[in-house]
Amino acid sequence: MDGEKHMDRYNVAIVGAGVSGAAVARRLSAYDIRIALVDREADVSFGTSKANSGIIHGGFHHNLRYLKAQLEIQGAGMYPQLHRELGFPYRRCGIVVAAFTNEELITAEHLYRQGVENDSAGIELCGADRIRELEPKLHQDVIGGVYAPAGGIIEPYRFVFALVENAEQNGLTVLRDFEVTDASRAGDRFALRARDGRSIDADFVVNAAGLYADEVSGIFGAEEFAISPRKGEYHLLDRRTVACPQRVVFPIPTSVSKGMLVIPTVEGTVLLGPTADPLDDKEDLTTSRDRLSEIVASAQQLVPSVSASDIITSFSGLRPTLPDGDFMIRESDVVPGLIHVAGIQSPGLTAAPAVAEYVKDLLKSAGCSLTEKTRFSSHLPAVRRTRLMDDTEIASSWDENHDAGSVVCRCETVTREEIRDAIAAGHTTIDGIKFYCRGSAGRCQGAFCIPRMLEIIAEETGVPVTEITKRGPGSELVDRTLPGTPAVRSRRDHPLRAGAGAGAPRETDVVVIGGGAAGMAAAIEVAARGFDPLIVDRERTLGGVLRQCVHNGFGIHEYDEELTGPEYAERYVAEVAEAGIPVLADTTVLGIDRTDAGFHTRLLSREGGLEIVHSRAIALAMGSRERNRGGIQIPGSRPAGVMTAGAAQRLINVEGFVPGRRAVIIGSGDIGLIMARRFKLIGADVQAVIEIQPVPSGITRNIVQCLDDFSIPLYLGHVVTAIHGGDRVTGVSVAPLENGVPRTDRGFEIDCDTVLLSVGLIPENELSRPLGVELHRQTNGPVVDSRLMTSVRGVFASGNVLHIHDLVDFVAEESRRCGRTIADYLQDRDGLEEADLVAGSNVRYVVPGRIRVGEENRVYLRSMIAQVGATVEVRRGETVIASEKQHHVQPSEMITIAVDGAPLSPGDRVEVSVR
Amino acid sequence: MIAENQRLIRVRDTEDELTCIVCPIGCRLHAERKDGGSLEVTGNRCKRGVAYAEEEFRDPRRPVTGTCAVTGGEFFRLPVKSSEAVAVDRIPSFLNAMYELELTAPIQCGEVIATDVAGTGIDLVATMSMRKEE
Ligand SMILES: Cc1cc2nc3c(=O)[nH]c(=O)nc-3n(C[C@H](O)[C@H](O)[C@H](O)COP(=O)(O)OP(=O)(O)OC[C@H]3O[C@@H](n4cnc5c(N)ncnc54)[C@H](O)[C@@H]3O)c2cc1C
Ligand code: SF4
């Protein structure tokens, strides 16, 4: 478009596509006028409206003399109908305010009276019993409070998306990446110019620019006022947390803020926060260590079961505030035809629908002629959500388009089709897609699916992967591709299932979930004993994580040679093929249900749609996933360029995408070390590896050949205290640790554009949990007996899903044994005599938890100490049953020993220790 | 892609600290070349440490692994490895030659895909099979 000459004309231009601008746009789209909604960001709702509490307030916090209080009440009342029309996630779950002291009770009474005055529907003043009946998760010291049943929760960005999408159906034009930098008045029209030269003109302008409403006012030559940001930091807890309340839980408010809350989101996760800190910088979305720990502490006062270990991510948002604390919604005194919607801090979300009405009336009295459209469509079709569908819905969704069978994000069960829906609705950044369909919003925070999402966006939009961003220009995720690998991807119908023939069998002896080393080894042994296994894996090829580990060092124990990961996998793939074991690749297991005779495993794939396989036994072999930023809580900003080492490994080795030029690696785990070397070998740099412990967690050989070889500094006993950068990472702050406390006074900064996290693996037990499999507190894997059978009869586990192994040889060995015990089980040869095996001194854990009487057992353990020359001893009381000398022990290296069960009797308690 | 004049991997000439990786103990060695040309090694718990240090000073080599561009297959990158360890000062040229290759599927795991890479006398071997995409 040649901007200047070719100007698009509108009746109303709305600057700012947050909830206020979007609500106004949707309201106005009912009239016969041309409307443009412009925003400086790459997508709508990327300002304050994306990071807030998502609460529809109860109408008792403010006095009606404030405009914001009036609009809050009106707005809240409009949500049920909007929800029916637009179908965004909304739940009227009610709000409780908890008082702990008599003084707080007095404030509660005041809130209650205010609520009654404001007509807050059903508001109630509660005593201790009543409030705890309403919210059983509350702290037992709560002595009373307020209950407002009309309050609720929404997904704020989904609300904005729905408003905009519906308005677009009714003719709205949305201009993204359109930062208004210049405006003038020509006759009775405004001309608005964007930074990139595009321009539009309009009769009326609505200034809904959130934090920048003051600057936009200046651009139009209208009145001066100042918007000050007030920051709110949050933690997001995993859906699995036991701390999820039924209602929004508030403390008693203070004079400046409503306090820090515990919020059950519509998606089932839990939000803690927000803080309230005045700032100068409108771009400062960093989080800080102190505030983040304050949030946890104050949340625990309200709901004691809140636990920091459930945090999956932390973020912050900025409230745009005016000095008087109220909204300012009126026509400019200086520039007629310009309507300000400014100072829209809390309860801006609640008020938005009412703000839209209000603005519509202002426009009318300013002379904008509004005649209703004859054909306004008020309803939006529901957004597809595989996670919430029942089997019939999934099946029919797949019938329509097979992409609905291709699961991309496994934490949230988001399919390729849902990602396409998001792209079709105009969301082409990773964040935009995440907000729309939750792809990458789950507990792994995108480690698995972001590479896939990049590929899909590239294929669907034709944009080179190097131009795909997290949230707009500057936040690119891929720096370049490796030589010879195209950045532009076309949609190829990827070859479907590997292995013999398509279609899942209706019935088999064992469904093996996961086709990595563990799954293949177990299946091979099952087949060797004459039973039928079926291997299911979500990836296109077998081998699991080995596929991306192109370096060598695998198989030293098993094959007595150093293989690369893919070569090791290839040997197993050959054995699987030779044994004629059926494989369903590119197939995701949605869930496992128990039946009288065994199990129903529900599979979803692009090729086969929804299929159910019945089996007598299940072998869990799902491997592990990486701990991510939420798990270790690094404060700072949330720029593009932060990823787990394994995600980077996949990007580089499988896709050929280079994520950055200069990396800092957090944690000295083996994957991080291997990736340090890989970065060097692809011509990128590694500035440093930062390890919190005084000793490296990876093996010595990797320290030597991945760091020393390349003179990469390793900082032991140091922590990253903050990650910096706006759109993309620009550096990290590092400080030495002294008595467990970071000494920031002796800290330093390192420049980098990429941060890789290598801070450990967690067994992937998302499918085991709902099946009722008991998990071990130390290993995070299932508790198993001597057969590697879990607490659910017929369900076995081996490999990294059971506990984290450092060598694939041990995974294979354990899994082969697992395959044999599964065969025994299928033969009903499982009359068992077992003794309990427990971890004794200097042992972090031992697997399995039971060993077999009268037979040879193989056990795996991890030492808590590092020393040269040690003895592993297995004792029953004072009697030593087994003892094995070790050359050298350390926590990062797993120990495996043989224990003869001959001297044992059933029910004995046997202890393993390291001396 | 890799600057060939730059030392990607460090080489040792007269005196250095190094960690023995022959066994998991990982002794910290100190090695120093004496006037007569012999290497004096301290810090080792056993003789294997001396041999390791001598090799690291005389002719350090590393196996090279990576990926090559491939077309017509189900993926865009094919995992590969050097048929034997490459002298560390030749690794940059070895890598550059590896990145210049453009392969076509199908390829069998174990197939030699380039010989005498960058004049090292060492081959490049596919470490994964890649089917041709129908
Ligand atoms: C921590 C926190 C918690 C909150 N909790 C709640 C709650 O629970 N319930 C509730 O009701 N409210 C809550 N709020 C308030 C609510 O989120 C905000 O009031 C609301 O989202 C503001 O929306 P907006 O559209 O006005 O602003 P924004 O969402 O900031 O939208 C403004 C848009 O204007 C764009 N823009 C700016 N300048 C330009 C320009 N020059 N050219 C083009 N575009 C431009 C921006 O990019 C942005 O997209 C909370 C706010 C915060 C910060
Ligand atoms: S010197 Fe001997 S004991 Fe020490 S690390 Fe080397 S091989 Fe092991």
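Computed from a predicted model, the values in this text were never measured in an experiment.

Caption draft 1: Molecular detail of the overall build of chain B. Tallying secondary structure elements over chain B gives two helices and 10 strands in all. When the helices and strands of chain B are read in sequence order from the N terminus, they spell out β-β-β-α-β-β-β-β-α-β-β-β. For chain B, the C-alpha radius of gyration of 19 Å lies well beyond 14 Å, the compact-globule estimate for 134 residues. Oriented by its inertia axes, the alpha-carbon framework of chain B measures out at about 60 × 30 × 20 Å. Looking at chain B residue by residue over its 134 residues, the buried ones come to 49%. By sequence separation, contacts in chain B at least 24 residues apart represent 51% of the contacts at least 6 residues apart. Counting every atom, chain B has about 6400 Å² of accessible surface; 46% of that belongs to carbon and sulfur. Seen as two clouds, the 17 positive and the 22 negative side-chain charges of chain B have centres 6 Å apart.

Caption draft 2: Fine view of the interface of chain B and chain A. Contact with chain B, which involves 37 residues of that partner, is made by 46 residues of chain A. The contact between chain B and chain A buries some 3700 Å² in all, and 57% of this surface belongs to carbon and sulfur atoms. In this assembly, chain B and chain A are joined by two salt bridges. Ionic pairing is found between Arg 62 of chain B and Asp 709 of chain A, a salt bridge with its closest N-O pair at 2.6 Å. At the boundary of chain B and chain A, one finds 10 residue pairs in polar contact (both at pLDDT 80 or more).

Caption draft 3: Fine view of helix H18 (residues 700-707) of chain A. Most of H18 of chain A is tucked away: seven of the eight residues are buried. Looking only at H18 of chain A, the buried set comprises Thr 700, Asn 702, Ile 703, Val 704, Gln 705, Cys 706 and Leu 707 of chain A. Buried residues in H18 of chain A make contact with helix H17 (670-681), strand E36 (685-691) and strand E37 (714-716) of chain A together with strand E1 (15-19), helix H1 (47-58) and strand E4 (61-62) of chain B.

Caption draft 4: Inspection of the environment of Arg 416 of chain A at higher detail. Assignment of secondary structure puts Arg 416 of chain A in helix H10 (residues 416-424). Taking the C-alpha atoms as reference points, Arg 416 of chain A and Gly 439 of chain A, 23 residues apart in sequence, are found 9.5 Å from one another.

Caption draft 5: Structural detail: the sheet that holds strand E3 (residues 39-42) of chain B. Residues and elements named next belong to chain B. Strands sit in the order E1-E2-E3 across an open sheet of three strands; the sheet is antiparallel. The open sheet is flanked by E1 and E3, the only strands paired with a single partner. Each neighbouring strand pair of the sheet contributes to a mean axis angle of 20°, computed without reference to strand direction. Here E1 pairs with strand E2 (residues 28-33) via five bridges, running antiparallel. Each bridged residue has a counterpart across the sheet, and for Glu 17 the counterpart in E2 is His 30.

Caption draft 6: How the structure looks around the site of ligand 1. Residue and element names in this part refer to chain A. Around ligand 1 sit 39 residues, and of these Asp 39, Ser 49, Ile 55, Ile 344 and Thr 350 come closest. Note that a nitrogen atom of ligand 1 is positioned 2.8 Å from one of the backbone N or O atoms of Arg 40. Within the backbone of Leu 349, a nitrogen or oxygen atom sits 3.0 Å from an oxygen atom of ligand 1. Burial of ligand 1 by the surrounding chains reaches 98%, relative to a free accessible area of 1000 Å². Of all elements in the fold, only helix H1 (19-28), strand E13 (228-237), strand E18 (311-321) and helix H8 (348-365) reach the threshold of two or more residues within the shell around ligand 1. A per-class count over the shell around ligand 1 returns 17 nonpolar, 17 polar and five charged.

Caption draft 7: The arrangement of unusual backbone geometry in detail. Residues and elements named next belong to chain A. The omega torsion of the bond from Gly 273 to Pro 274 falls at 0°, within 30 degrees of zero and hence cis. As for its placement among the helices and strands, Pro 274 is situated in the loop between strand E16 (270-273) and strand E17 (277-278). In this structure, the amide linkage connecting Ser 346 to the following residue, Pro 347, adopts the cis form with an omega of 0°. Checked against the element boundaries, Pro 347 lands in the loop between strand E20 (338-342) and H8. For Asp 560, which is not a glycine, the phi torsion comes out positive at approximately 60°. Mapped onto the elements of the fold, Asp 560 is located in the loop between strand E26 (552-554) and strand E27 (563-564). Among the residues examined, Asp 560 registers a relative accessible area of 67% and is labelled exposed. Not every positive phi belongs to a glycine, and Asp 586 is a case in point at roughly 55°.

Caption draft 8: Looking closely at the site of ligand 2. As a structural note, the neighbourhood of ligand 2 is formed by Cys 20, Val 22, Cys 23, Gly 26, Cys 27, Asn 44, Arg 45, Cys 46, Arg 48 and Gly 49 of chain B. Here the residues of the shell around ligand 2 are counted per class, giving five nonpolar, three polar and two charged.

Caption draft 9: Main features of the pairing of strand E29 (residues 587-594) of chain A. Two strands pair when backbone bridges link them, and E29 of chain A and strand E30 (residues 599-605) of chain A are joined in this way by seven bridges, in the antiparallel orientation. In the strand pairing of E30 of chain A, Gly 591 of chain A is matched with Arg 602 of chain A.

Caption draft 10: Expanded view of the pattern of salt bridges. Residues and elements named next belong to chain A. What the rule picks out here adds up to 84 salt bridges over all chains. The salt bridge partner of Glu 283 is Arg 40, with a shortest N-O separation of 3.9 Å. Residue Glu 283 is found in the loop between E17 and helix H7 (289-302), and its partner Arg 40 is found in the loop between strand E2 (35-38) and strand E3 (55-56); the two are separated by 243 residues along the sequence. Residue classification places Glu 283 among the exposed positions, given a relative accessible area of 51%. Its salt-bridge partner being Glu 813, residue Arg 858 comes within 3.9 Å of it at the nearest N-O pair. With a gap of 45 residues between them, Arg 858 in strand E48 (residues 856-863) and Glu 813 in helix H20 (residues 808-826) connect regions that are remote in the sequence. Accessibility expressed as a relative area gives 32% for Glu 813, which makes it partly exposed. Linked by salt bridges that have partners in common, Arg 384, Asp 403, Arg 416, Glu 417, Arg 420, Asp 421, Glu 459, Glu 460 and Arg 606 make up one network.

Caption draft 11: Representation of the environment of Glu 102 of chain B within the structure. By the element assignment, Glu 102 of chain B lies in strand E8 (residues 102-104). As a C-alpha pair, Glu 102 of chain B and Leu 78 of chain B span 24 residues in sequence and 10.0 Å in three-dimensional space. Once you skip the residues sitting within four places of it in the chain, Glu 102 of chain B turns out to touch Gly 484 of chain A together with Ala 69 of chain B.

Caption draft 12: Local environment of the domain arrangement of chain B. Looking at the assigned domains, one finds that chain B contains domain 1 (10-59) and domain 2 (65-126). When each unit is reduced to the centre of its C-alpha atoms, the spacing between domain 1 of chain B and domain 2 of chain B is 31 Å.

Caption draft 13: Main features of helix H3 (residues 102-117) of chain A. Residue and element names in this part refer to chain A. Along its 16 residues, H3 runs 23 Å from first to last C-alpha, staying within 8% of the 22 Å computed at 1.5 Å per residue. By the burial criterion, the buried members of H3 are Ala 108, Leu 111, Gln 114 and Gly 115. Across the axial projection of H3, the buried residues extend over an arc of 120°, all falling on one side. Along H3, exposed side chains directed more than 90 degrees from the buried face belong to Asn 102, Glu 103, Ile 106 and Glu 117. Its buried side turned inward, H3 meets strand E5 (95-99), strand E6 (124-127) and strand E7 (144-148). Just past H3, the residue Asp 119 takes up positive phi, approximately 70°.

Conventions adopted
- Residues numbered from 1 in each chain as written.
- Chains lettered and ligands numbered in written order.
- Predicted model: local features only at pLDDT ≥ 70, side-chain atom pairs only at ≥ 80, totals over all residues.
- Heavy atoms only, no water.
- Helix = DSSP H or I, 4+ residues; strand = E, 2+ residues; numbered from the N terminus.
- Rg over C-alpha atoms; globule rule 2.2 N^0.38 Å.
- Buried < 20%, exposed > 50% of the residue type's maximum accessible area, 1.4 Å probe, protein only.
- Contact = heavy atoms within 4.5 Å.
- Areas by Shrake-Rupley, 256 points an atom, 1.4 Å probe, with all protein chains shown as cover.
- Lys, Arg positive; Asp, Glu negative; His and termini not counted.
- Charge placed at Lys NZ, Arg CZ, Asp CG, Glu CD.
- Buried area = accessible area lost by both parts, 1.4 Å probe.
- Salt bridge = Lys/Arg side-chain N within 4 Å of Asp/Glu carboxyl O.
- Polar contact = N/O pair within 3.5 Å; in protein donor to acceptor, adjacent residues only side chain to side chain.
- Pairing = 2+ DSSP bridges.
- Axes fitted to C-alpha atoms, helices over the stretch in contact; angles between N-to-C directions.
- Near = heavy atom within 4 Å.
- Nonpolar A, V, L, I, M, F, W, Y, C, P; charged D, E, K, R; others polar.
- Domains from an automatic or database assignment.
- Expected span 1.5 Å × (residues − 1).
- Arc of directions from axis to C-beta.

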